[in-house]
Amino acid sequence: DGMALPQRILFPPEEVCMSWQQRESPGAGLCNLGSTCYINVILQCLTYTPPLANYLLSRDHSQLCHRQGFCMMCIMEAHVRKVLCSSANVIWPRAVVRDLKFIGEEFEPDMAGDAYEFLRCALEAMQRACLSGSSNVDISSQTTTIIHQIFGGFLKSRVTCLRCQAVSDSYKAFLHVLLDIKAPSSLTTALEDFVTPKELDGKYCLKCSKCEKKVTSSKRVTVHRVPKVFTVCLERAADHTGKKISKIVEYPEYLDLRPYMSDTAGEPLLYSLYALVVHSGDTCLDGHFCYTKASNGLWYKMDDESVDNCGIHTVLRQQAYLLFYAR
């Protein structure tokens with residue numbers, strides 16, 4: 001389909017298990033170590049991502065890891081085992097906070113941070129850990145790690161010259177999708193806007209290889225290959241001021257990604273909501289809490305140390321910031 005084949009498969013795709021391999025009640029809450037609620041919510045959402053939890057609980061990574069010093073995969077493996085396997089009601093995520101500067105230079109243990117930025121940096125740190133020790137890995141092979149096989153997909157960008165109708169396609173790997181919600185009132189309308197062609201003119205003109213000059217063109221971005229876990233950020237920061245867009249954006253329990261694909265023909269591509277992050281307060285750096293579906297199939301509100309049972313109707317009525325859907 002126009003994309004280069006990987007020269008190496010770093011993790012066998014058939015070994016990614018999407019269903020929980022053990023069913024239990026929810027694990028421990030997480031202690032807030034100052035201003036770390038934005039860290040806690042991401043750790044909880046990742047902990048309750050079934051294919052990631054299955055892999056980390058197997059200890060496959062740590063048994064083969066020879067990395068000296070900081071390794072985000074080893075840290076997450078130890079963390080998930082503590083949360084899900086210990087009898088404690090509250091866990092202190094000290095190892096994550098201790099190594100915060102290795103996850104992202106912008107994070108400080110005693111300063112509030114943004115949950116989306118921490119998710120982005122945490123996934124990238126785990127991806128780097130999976131590539132450690134694998135030298136000269138081509139770009140396509142880098143997308144065969146366990147992390148990219150769970151969270152990663154590909155976007156297709158098609159640019160059409162509006163003068164000669166020449167078409168140029170390019171592809172980009174992604175671990176999460178950022179959606180503008182200034183106008184849309186629902187996740188599905190935000191996704192429709194995301195894949196709607198945009199006209200590029202003026203200073204945004206691109207050079208057409210056929211016309212050999214900058215011309216007005218149309219650009220359309222679509223989901224080309226779907227991930228196993230579809231992670232969405234509803235961009236709530238208003239014009240980089242830090243003030244939060246507090247509008248309600250409706251989101252479904254079950255989502256079909258087929259309408260937003262490069263190829264819209266075929267069977268539905270159904271995803272089920274299993275976690276979401278919510279802001280509390282007026283800015284994107286205020287408090288955070290999350291909702292996750294545990295391996296027992298029940299939903300829980302997780303707000304630092306507290307873990308409380310709730311229903312799906314409560315889950316679907318939130319000012320969601322991050323949404324996690326599993327295939």
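Residues numbered from 1 in each chain as written. Predicted model: local features only at pLDDT ≥ 70, side-chain atom pairs only at ≥ 80, totals over all residues. Heavy atoms only, no water.

In the nomenclature of an unreviewed UniProt entry, the protein corresponds to UBP42 hydrolase from the organism Donacobius atricapilla.

Caption draft 1: Seen up close, the overall build of the protein. Across its full length, the protein carries 11 helices and 16 strands. In terms of its C-alpha atoms, the protein occupies a principal-axis envelope of roughly 65 × 45 × 40 Å. By the burial criterion, 50% of the 327 residues in the protein qualify as buried. Pairs at least 24 residues apart make up 69% of the contacts formed inside the protein by residues separated by at least 6 positions. For the protein, the distance from the average site of its 35 positive side-chain charges to the average site of its 35 negative ones is 5 Å. (Helix = DSSP H or I, 4+ residues; strand = E, 2+ residues; numbered from the N terminus. Buried < 20%, exposed > 50% of the residue type's maximum accessible area, 1.4 Å probe, protein only. Contact = heavy atoms within 4.5 Å. Lys, Arg positive; Asp, Glu negative; His and termini not counted. Charge placed at Lys NZ, Arg CZ, Asp CG, Glu CD.)

Caption draft 2: Molecular detail of the nonpolar core. Membership of the largest hydrophobic core comes to 62 residues, with the highest contact counts inside it found for Met-73, Phe-118, Val-277 and Leu-322. With 11 residues, the single largest contributor to this core is helix 7 (residues 115-131). Ignoring sequence-local partners within four residues, the contact set of Leu-322 consists of Ile-42, Ala-115, Tyr-116, Leu-119, Val-232, Cys-233, Ala-275, Leu-276 and Val-277. Core analysis: the second largest hydrophobic core is formed by 35 residues, Phe-230, Leu-273, Val-278 and Leu-323 among them. (Core = buried A, V, L, I, M, F, W, Y, C linked by side-chain atoms within 4.5 Å.)

Caption draft 3: Molecular detail of the packing of helix 4 (residues 72-85) against helix 7. It is at 7 Å that the axes of helix 4 and helix 7 come closest, and there the two elements cross at 110°. It follows that helix 4 is roughly perpendicular to helix 7 by the angle criterion. Of the residues in helix 7, those in contact with Met-72, Met-73 and Met-76 of helix 4 are Ala-122, Ala-125, Met-126, Ala-129 and Cys-130. Across the contact of helix 4 with helix 7, the residue classes tally to 8 nonpolar, no polar and no charged. (Axes fitted to C-alpha atoms, helices over the stretch in contact; angles between N-to-C directions. Parallel < 35°, antiparallel > 145°, perpendicular 65-115°, else oblique. Nonpolar A, V, L, I, M, F, W, Y, C, P; charged D, E, K, R; others polar.)

Caption draft 4: Main features of the sheet that holds strand 6 (residues 198-200). Taking strand neighbours across the sheet as the criterion, the 4 strands line up as 4-3-9-6 in an open arrangement whose pairing is antiparallel. Where the open sheet ends on each side, the last strands, each with one partner, are strand 4 (167-174) and strand 6. Taking the axes of each pair of neighbouring strands and ignoring which way they run, one obtains an average angle of 30° across the sheet. Strand direction decides the pairing type here: strand 3 (residues 153-161) and strand 9 (residues 217-225), joined by 8 bridges, are antiparallel. What sits directly across from Arg-158, in strand 9, is Arg-220. Helix 10 (residues 187-195) contacts strand 3, strand 6 and strand 9 of the sheet and is inclined by roughly 125° relative to strand 9. (Pairing = 2+ DSSP bridges.)

Caption draft 5: Molecular detail of the confidence of the model for the protein. Confidence along the protein averages 91 in pLDDT terms, with 97% of residues attaining 70 or more. The least confident element of the protein is strand 7 (residues 206-208), whose mean pLDDT is 87; the most confident is strand 11 (residues 254-256), at 98. (pLDDT = per-residue confidence, 0-100.)

Caption draft 6: Looking closely at helix 4. The terminal C-alpha atoms of helix 4, which comprises 14 residues, lie 19 Å apart, in line with the 20 Å expected from a rise of 1.5 Å per residue. Looking only at helix 4, the buried set comprises Met-72, Met-73, Ile-75, Met-76, Glu-77, His-79, Val-80, Val-83 and Leu-84. (Expected span 1.5 Å × (residues − 1).)

Caption draft 7: Up close: the state of the cysteines. Counted by the stated rule, this structure contains 0 disulfides. Of the cysteine sulfurs around Cys-45, a residue in no disulfide, the closest is that of Cys-290, at 4.5 Å. Of all cysteine sulfurs, the one in Cys-211 lies closest to Cys-164, which takes part in no disulfide; the gap is 3.6 Å. (Disulfide = S-S within 2.5 Å.)

Caption draft 8: The pairing of strand 15 (residues 306-310), seen in detail. Across 5 bridges, the pairing between strand 14 (residues 299-303) and strand 15 is antiparallel. Note that in strand 15 the partner of Tyr-300 across the bridge is Asn-309. In textbook terms, the turn of a hairpin is the stretch between consecutive antiparallel strands, and for strand 14 and strand 15 this stretch comprises 2 residues, one of which, Asp-304, has a positive phi near 55°.

Caption draft 9: Inspection of the pattern of salt bridges at higher detail. A full pass over the atoms with the stated rule returns 7 salt bridges. The closest approach of N and O atoms between Glu-106 and Arg-120, which form a salt bridge, is 3.9 Å. Residue Glu-106 is found in the loop between helix 6 (100-103) and helix 7, and its partner Arg-120 is found in helix 7; the two are separated by 14 residues along the sequence. Residue Arg-120 is classed as partly exposed on the basis of its relative accessible area, which comes to 22%. Through salt bridges with shared partners, a single network forms among Glu-106, Glu-117, Arg-120 and Glu-124. (Salt bridge = Lys/Arg side-chain N within 4 Å of Asp/Glu carboxyl O.)

Caption draft 10: Geometry of helix 1 (residues 37-47). The buried count for helix 1 comes to 11 of 11 residues, which makes it a mostly enclosed element. Here helix 1 has its buried residues at Cys-37, Tyr-38, Ile-39, Asn-40, Val-41, Ile-42, Leu-43, Gln-44, Cys-45, Leu-46 and Thr-47.

Caption draft 11: Structural context of empty space enclosed by the protein. Across all of its chains, the model carries 1 cavity of 30 Å³ or more by this definition. Taken as a whole, the largest cavity spans an internal volume of roughly 70 Å³. As for the largest cavity, its lining consists of Trp-20, Gln-22, Glu-24, Ser-25, Pro-26, Tyr-48, Leu-57, Leu-84 and Ser-295. Within the lining of the largest cavity, the residues separate by chemical class into 5 nonpolar, 3 polar and 1 charged. (1 Å grid on protein atoms, 1.4 Å probe; cavity = no way out; pocket = protein on both sides within 12 Å on 5 of 7 lines; lining within 4 Å. Points joined across faces, edges and corners; volume = space filled by probe spheres on them.)

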